[in-house]
Amino acid sequence: MQRSTKISPPNSIVFVEDLKGGEPPNPIWGATILATPSCISVACYPEQDGPTEIALGNVPDVDPGFEPEFDGYLETPSRIVVVSTVDQKVVLDVPAPASKSRLRIWRNHPKWPTKVNIGLG
Amino acid sequence: MHRSDDAFAAAQRRRFTRENAHLHVRHDARLFMQPAAYRLWKQEREAKAAEHEPESVGTDELKAMLQLKAEVAALRAEITFRKLIAALKAYNPSQPRVPAGNSDGGQWTNDLGAGRNDSRILSDASPEVPPRPGDVYAQLRPRSGPILINGRWVQPTPSQAARLAAAEAQSRDAIQRVRELDPNWRPQPSTYESVEGLIRAHRAEAREAEARLRELANAGIGPGEFAKEWIPARGPNRSFNKYERDAGLRIFRLWGCHTCGSFQAGTPSGFPVLDHQYPTALISPGTAQRLYPQCLSCSLRQGGSVQQLKRSPVICSAPPKSRRRIR
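Residues numbered from 1 in each chain as written. Chains lettered and ligands numbered in written order. Predicted model: local features only at pLDDT ≥ 70, side-chain atom pairs only at ≥ 80, totals over all residues.

Trainee: Residues and numbers for the overall build of chain B, please.
Mentor: For chain B, the helix and strand inventory stands at seven helices and five strands. By the burial criterion, 22% of the 327 residues in chain B qualify as buried. Pairs at least 24 apart in sequence give 58% of the contacts found in chain B among residues at least 6 apart. (Helix = DSSP H or I, 4+ residues; strand = E, 2+ residues; numbered from the N terminus. Buried ≥ 20, exposed ≤ 12 C-beta atoms within 10 Å, placed from the backbone. Contact = placed C-beta atoms within 7 Å.)

Trainee: An account of the interface of chain A and chain B is needed here, citing residue identities and associated values.
Mentor: Taken together, the contact between chain A and chain B spans 23 residues of the former and 28 residues of the latter. Residue assignment for the side of chain A that touches chain B shows that the elements contributing at least two residues are β2 (13-18) and β4 (39-43) of chain A. Residues belonging to the side of chain A that touches chain B are distributed by class as follows: twelve nonpolar, seven polar and four charged. (Nonpolar A, V, L, I, M, F, W, Y, C, P; charged D, E, K, R; others polar.)

Trainee: If you had to explain helix α5 (residues 195-218) of chain B to someone new, which residues and values would you point to?
Mentor: All names here are of chain B. With 24 residues, α5 extends 35 Å between its outermost C-alpha atoms, agreeing within 8% with the 34 Å of an ideal straight helix rising 1.5 Å per residue. Residues of α5 that are buried sit in contact with β1 (147-149), β2 (152-154) and α4 (158-181). Phi turns positive, to about 95°, at G220, one or two residues after α5. (Expected span 1.5 Å × (residues − 1).)

Trainee: Please give an account of the sheet that holds strand β4 (residues 273-277) of chain B that cites residues and values.
Mentor: Residue and element names in this part refer to chain B. The three strands are arranged β3-β5-β4 in an open sheet whose pairing can be described as antiparallel. Lying at the two open borders of the sheet, with one neighbouring strand each, are β3 (231-232) and β4. Bridging between β3 and strand β5 (residues 290-294) involves two bridges; their strand directions are antiparallel. From the neighbouring strand, I231 faces β5, where its bridge partner is L291. (Pairing = 2+ DSSP bridges.)

Trainee: Which residues make up unusual backbone geometry, and what values go with them?
Mentor: In this structure, the amide linkage connecting Q277 of chain B to the following residue, Y278 of chain B, adopts the cis form with an omega of -5°. Tracing the backbone shows Y278 of chain B in the loop between β4 and β5. The backbone of N11 of chain A shows a phi angle near 65°, a positive value even though the residue is not glycine. You can see N11 of chain A is positioned in the loop between β1 (2-7) and β2. One non-glycine residue with positive phi stands out, namely N150 of chain B, at about 55°.

Trainee: With reference to specific residues and values, describe the sheet that holds strand β8 (residues 90-95) of chain A.
Mentor: Strand order across the open sheet formed by five strands is β3-β4-β2-β7-β8 (chain A), with antiparallel pairing between neighbours. Either end of the sheet is taken by a strand with one partner, and the two such strands are β3 (33-36) and β8 of chain A. Adjacent strand axes in the sheet meet at a mean angle of 15° when their direction is disregarded. Note that β2 of chain A and strand β7 (residues 80-84) of chain A share four bridges and pair antiparallel. Residue pairing in the sheet places F15 of chain A in a bridge with S84 of chain A of β7 of chain A. Sheet strands touched by helix α7 (residues 296-311) of chain B: β2, β3 and β4 of chain A. Its angle to β2 of chain A, the strand with the most contacts, is close to 35°. (Axes fitted to C-alpha atoms, helices over the stretch in contact; angles between N-to-C directions.)

Trainee: So what about the pairing of strand β10 (residues 115-120) of chain A? Which residues, and what values?
Mentor: Residue and element names in this part refer to chain A. In terms of burial, β10 is largely enclosed, as five of its six residues are buried. Note: strand β5 (residues 52-58) against β10, six bridges, orientation parallel. Across the sheet, A55 pairs through a bridge with N117, a residue of β10. As paired elements, strand β9 (residues 100-107) and β10 share five bridges and run antiparallel to each other. Its bridge partner lying in β10, I105 is registered against I118.

Trainee: Give a description of the confidence of the model for chain B that names residues and reports values.
Mentor: Residues and elements named next belong to chain B. For chain B, per-residue confidence averages 77 on the pLDDT scale, and 76% of positions sit at 70 or higher. Per-residue pLDDT stays below 50 along residues 111-124; that stretch engages in 19 contacts with residues further than four places along the chain or on separate chains. Note on residues 314-327: pLDDT is under 50 here. Beyond four places in sequence and across chains, it has 30 contacts. If you check the scores for this complex, the pTM reads 0.58 and the ipTM reads 0.90. (pLDDT = per-residue confidence, 0-100.)

Trainee: An account of the nonpolar core is requested, with residue identities and associated values reported.
Mentor: Ranked by size, the top nonpolar core spans 51 residues in total, and within it V16, V42, V83 and I118 of chain A carry the most contacts. Looking at this core element by element, the count peaks at five residues for α7 of chain B. Sequence-distant contacts of I118 of chain A, that is, excluding residues within four places in its chain, are made with V16, A55, L56, V62, V83, L103 and I105 of chain A. (Core = buried A, V, L, I, M, F, W, Y, C linked by C-beta atoms within 7 Å.)

Trainee: Requested: an account of the environment of F66 of chain A, with residues and values cited.
Mentor: Its place among the elements puts F66 of chain A in the loop between α1 (59-62) and β6 (70-75). As for F66 of chain A and R107 of chain A, which are separated by 41 residues in sequence, their C-alpha atoms are 9.6 Å apart.

Trainee: Provide a residue-level description of the environment of C44 of chain A, including the pertinent values.
Mentor: All names here are of chain A. Position of C44 relative to the elements: it lies in the loop between β4 and β5. Accessibility expressed as a C-beta count within 10 Å gives 27 for C44, which makes it buried. For the pair C44 and V14, spaced 30 residues apart in sequence, the C-alpha to C-alpha distance is 7.3 Å. Sequence-distant contacts of C44, that is, excluding residues within four places in its chain, are made with P9, S12, I13, V14, T52, P113 and V116.

Trainee: An account of the environment of L291 of chain B is needed here, citing residue identities and associated values.
Mentor: Residues and elements named next belong to chain B. As for its position among the elements, L291 is in strand β5. As for L291 and Q277, which are separated by 14 residues in sequence, their C-alpha atoms are 6.3 Å apart. With residues near it in sequence (within four places) discarded, L291 still touches W230, I231, A233, E244, G248, L274, D275 and H276.

Trainee: Now, about the pairing of β8 of chain A: what can you tell me, with residues and values included?
Mentor: Here five bridges tie β7 of chain A to β8 of chain A, and the two strands are oriented antiparallel to one another. The residue bridging V83 of chain A from the neighbouring strand is L92 of chain A, located in β8 of chain A.

Trainee: Quick one: what's the story with the packing of α4 of chain B against α5 of chain B, residue by residue and with numbers?
Mentor: For any two helices packed against each other, one specifies the crossing angle of their axes together with the interaxial distance. Residue and element names in this part refer to chain B. Running from N to C, α4 and α5 point in directions that differ by 25°, and their axes come no closer than 8 Å. Between α4 and α5, the crossing angle belongs to the class labelled roughly parallel. Considering how the two elements wind past one another, α4 and α5 form a crossing that is left-handed. Where α4 approaches α5, its residues Q160, R163, L164, A167, E168, Q170, S171, A174, I175, R177, V178 and L181 are matched on the opposing element by V195, L198, I199, H202, R203, E205, A206, A209, E210, R212, L213 and L216. (Parallel < 35°, antiparallel > 145°, perpendicular 65-115°, else oblique. Left-handed = near helix turned anticlockwise from the far one by under 90°.)

Okay, here's the thing in structure tokens:
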């Protein structure tokens, strides 16, 4: 199952977390992907320059074929993974297979990604 | 004109034989007199003056008179001083007054129940509405009564009361400004045993709140230390028109990122991010905002800080000094 959207998120950043929320990572100046066990922040294409296409789904559906930029685990106690913005608007959500899900993130550019793929499992 | 007639001579005779005839003699009369006649006239005049001269005052009498005058002056000064002391004792700034709204409102009263202890005059601040910077409440007036410190009442001096009121107002204002952005923030509790200690505690709280505001500004919450110029935001929406983008670019080229001072926007177009301040996620709808140009890295970091602030009171550290003010 894959869901995707094209948005220009505020502050050019989105958060991948459980539906009930997580502990956002401590922001570090210059870092583009940061993570805590319950929340991952992902930098997108600069909001005033254009939208970012974000895809959320199972790994086979979203894998672009190159090494992921992030590979780790996310706590998903409600078994629903959401992608939200700074103003806490949920833009994407998919069911998670377990209470702790393996999660991989691909971006097509290290600094200005126009495509962000988030794979579960 | 010849004046040799008898009438004139008679008139002159009468004139110079009067009691005050000497007053009719001109001051330079001696120039018109024979020396012998002048000496005679002078002797007569001095003899007449000696007859009218008062008796001379002795030195002892003069001393006694001066002493008497001094005593009278001292008595007058003492009376004035006693009157002043009595007036000062009569005035007590702590004396309660009748509250406004009564027929004799504002008058001094001895009834404590209607005066200082009246809840109606403790403060005019509403407990529901938080105080705003610049507001003046009854509580901000210098305390005139004692203050409860560690279970005992301490009477501050007028100077201490004034300084305490100023420190309280400063502290309250700074804490309020922080809580508008970070409602969970609290200053470190402090202990004190005197009025001076209480003043120091308030000042420490104000400093702590100011430090927190700077910390938030470094994280992109609030105008940063390089914020010099801004443009008004049309609203919280992020669809900027050409004027706003051009104005943002001009300000950015002039002053750099408002948070870190960098002149590198970090975006593919070279345009800086137009940052709403205060952040839309932290303010109530309808609040006026300003747009400040910001670099992409600070914008990303600000996003993380806002998210953290909304969920937990912990916030990130300041941006690295080495990355500041990059041209």
